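What follows is each chain in one-letter form.
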Amino acid sequence: MALTKQDVEKIGKLAHIALSEDDKTHFGKEIESILKWIEQLQEVDTDGVEALASVSGATLPWRKDEVTDGNKRDDILANAPHSEYGCFTVPKVIE
Amino acid sequence: MTNLTDLTLANARDALKAKKISAVELADAFIANGEKHNPKLNAYITLTSDLAREQAKASDAKLARGEAGALEGIPLAIKDLYCTKGVQTTAASKILKGFKPTYESTVTQKLWDAGAVMLGKTNLDEFAMGSSNTTSHFGNVINPWKRKGDTTDLVPGGSSGGSAAAIAARLALGATGTDTGGSIRQPAAFCGITGIKPTYGRCSRWGTVAFASSLDQAGTFAHTVKDNAIFLKEICGHDPKDSTSSLNAVPDFEAAVGKGVKGLRIGIPKEYRMEGIPAEIDALWEQGIAFLKDAGAEIVEVSLPHTHYALPTYYVIAPAEASSNLARYDGVRFGLRANGSNLQELYYNSRAEGFGNEVKRRIMIGSYVLSAGYFDAYYKKAQKVRALIARDFTQAFEKVDAILTPTAPSAAFGIGENNDDPIAMYLNDVFTVPTSLAGLPGLALPVGLSKDGLPLGLQVIGRAFDEETVFSVSGAIERAANFNAKPEGF
């Protein structure tokens, strides 16, 4: 399938990545050729095959719903690019 | 005494226990080698020499008191994808430059508990995405090997290229890696050393920077099969912090190495005889088959009919999972933050500035195949083909105990080659990706040299949770091949 510039812009939005005009051209071409290559999966007969999400085969274990960790505010904020008053800070969201 | 950096991990362990050498002198020898060769090879992003000396001192004290752990005093390199408390952990990405975790990954914690010493954090492809270690924000890793009579710098393979190069150049006795589609086995082959990706679930993923969670698996690099067996045992085992880590008991892998292959059935998958694979790779494979036959194994042809579809399946599933996992890098909680006039711009710009092209491309492909209208056609379809690929192996393992294949379709290539076409680069993992999709253990070991004098390797694949047979088969090949060539290109 051919990707239009609008398709590439939409993918950039889904991926939350700002794209320059240059980016749109070269990523568009590369993604298009990779998608074309992936198309070959359509040849495989998968009728009645269940999708495999995990190879482990084990059922995930249950555990008590209780706090096992916590009170690590300063640890969590230690690598924040900006923080104030013990919180992450971001540009104003609501006017 | 031979040069300390020429020891194997097993010999160093025994010499330390016998007090023939001290952990401090062993660490110092590797620190000196690292300081000498790393500026050229760029195998480490961060050297932690002071920490290594401190840990080695503590190891000597424990050895003196007779309280030594299984890896007491063994100097290791850690792939910079494992979070290490207080030590910069970058995943080779600009977006994590300067990130100092406030916690320790389960795998590395287990190593320190076993007495190991950390020499530094090794370079890799950005977020472990690549097969050449040329996507790192911190520069290319140079393979210690060179083609005969040629000075071209070669890639070490990827993504764990720094770890593999560090072992080949004797900058560490062992190194951790991670393998999502071949990231331990292919660099091991390119650097002429041995590495194993155990069964999915053998090791905890907790504290390892996530790429594709249904595929990511910790593993090891070292010089010999036995070294890997000793090392791997220490990072395996259930961890309540990773619900996909297995409850299975961890066997004594070391004991399996010398067991031999008499009576074992070894599968040779006919679909792995691919067009365009160099004759010398085929010849090496035949050589491996002959070694195992001579050692008493029975050789059986097997069929893995969906092999051809493994790479495109992988390049749907891995990017899809990556696009979800990497959503956390948003410039708010950790990592690089770019300016933006509003929150959305801050996200978009931070990710545009912080991620390299390979990572961006994979996140975009992942976002696309998971998006409304394409989910069933791409992602669901790939998961179904993945089920067929896994079933191929299950059926083959009804007839055989292990499978022998080449590790990579070529020897190490020059830096910059294969860069223009992402799909050509992806073909590097044609022999390793199917095993990853099926979650099976795979060990890569060096067997011979190419006509250019570069190492070539074979891969031994086992049943889920049967690393022991993998070690037995690999041990037999190693003894027969007696590979002892050393890199001279650095």
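Structure: see above.
Residues numbered from 1 in each chain as written. Chains lettered and ligands numbered in written order. Predicted model: local features only at pLDDT ≥ 70, side-chain atom pairs only at ≥ 80, totals over all residues. Heavy atoms only, no water.

### A look at the pairing of strand β3 (residues 117–122) of chain B
Residue and element names in this part refer to chain B. Across the 6 residues of β3, 6 count as buried, placing the element largely inside the fold. Where strand β1 (residues 44–47) and β3 come together, 3 bridges link them in antiparallel fashion. Within β3, the position partnered with Y44 by the bridge is T122. Between the parallel elements strand β2 (residues 75–79) and β3, the chain passes through helix α4 (residues 106–113) in a crossover that is right-handed. (Buried < 20%, exposed > 50% of the residue type's maximum accessible area, 1.4 Å probe, protein only. Helix = DSSP H or I, 4+ residues; strand = E, 2+ residues; numbered from the N terminus. Pairing = 2+ DSSP bridges. Right-handed = clockwise from strand over helix to strand, strands pointing away.)

### Section: the interface of chain B and chain A
Listed by partner, the interface residues are 61 residues for chain B and 50 residues for chain A. With both sides pooled, the region where chain B packs onto chain A buries about 5000 Å², and carbon together with sulfur makes up 71% of that total. Of all residues in chain B, the largest losses of buried area upon contact with chain A belong to R337, Y348 and M364 of chain B, amounting jointly to 14% of the total for that side. Across the chain B-chain A interface, the total number found is 1 salt bridge. (Contact = heavy atoms within 4.5 Å. Buried area = accessible area lost by both parts, 1.4 Å probe. Salt bridge = Lys/Arg side-chain N within 4 Å of Asp/Glu carboxyl O.)

### A closer look at the packing of helix α2 (residues 23–41) of chain B against helix α3 (residues 49–65) of chain B
Helix packing geometry: the angle between the two helix axes and the distance between the axes. All names here are of chain B. It is at 8 Å that the axes of α2 and α3 come closest, and there the two elements cross at 165°. Here α2 lies roughly antiparallel to α3, going by the angle between them. In this structure, α2 crosses over α3, and the sense of that crossing is right-handed. Contacts between α2 and α3 pair A23, V24, A27, D28, I31 and E35 from the former with S49, A52, R53, A56, K57, S59 and D60 from the latter. (Axes fitted to C-alpha atoms, helices over the stretch in contact; angles between N-to-C directions. Parallel < 35°, antiparallel > 145°, perpendicular 65-115°, else oblique. Left-handed = near helix turned anticlockwise from the far one by under 90°.)

### Quick notes on the sheet that holds β2 of chain B
All names here are of chain B. Taken in spatial order, the 11 strands line up as β1-β3-β2-β4-β6-β5-β10-β11-β9-β7-β8 in an open sheet, and their pairing is mixed. On the outer flanks of this sheet lie β1 and β8 (298–302), each paired with one strand and no other. Within this sheet the neighbouring strands show an average axis-to-axis angle of 30°, counted without direction. Sheet topology note: the strand β9 (residues 402–406)/strand β11 (residues 455–462) ladder contains 5 bridges and is antiparallel. Each bridged residue has a counterpart across the sheet, and for T405 the counterpart in β11 is Q459. Relative to β3, α3 is tilted by about 155°, and along the sheet it contacts β1 and β3.

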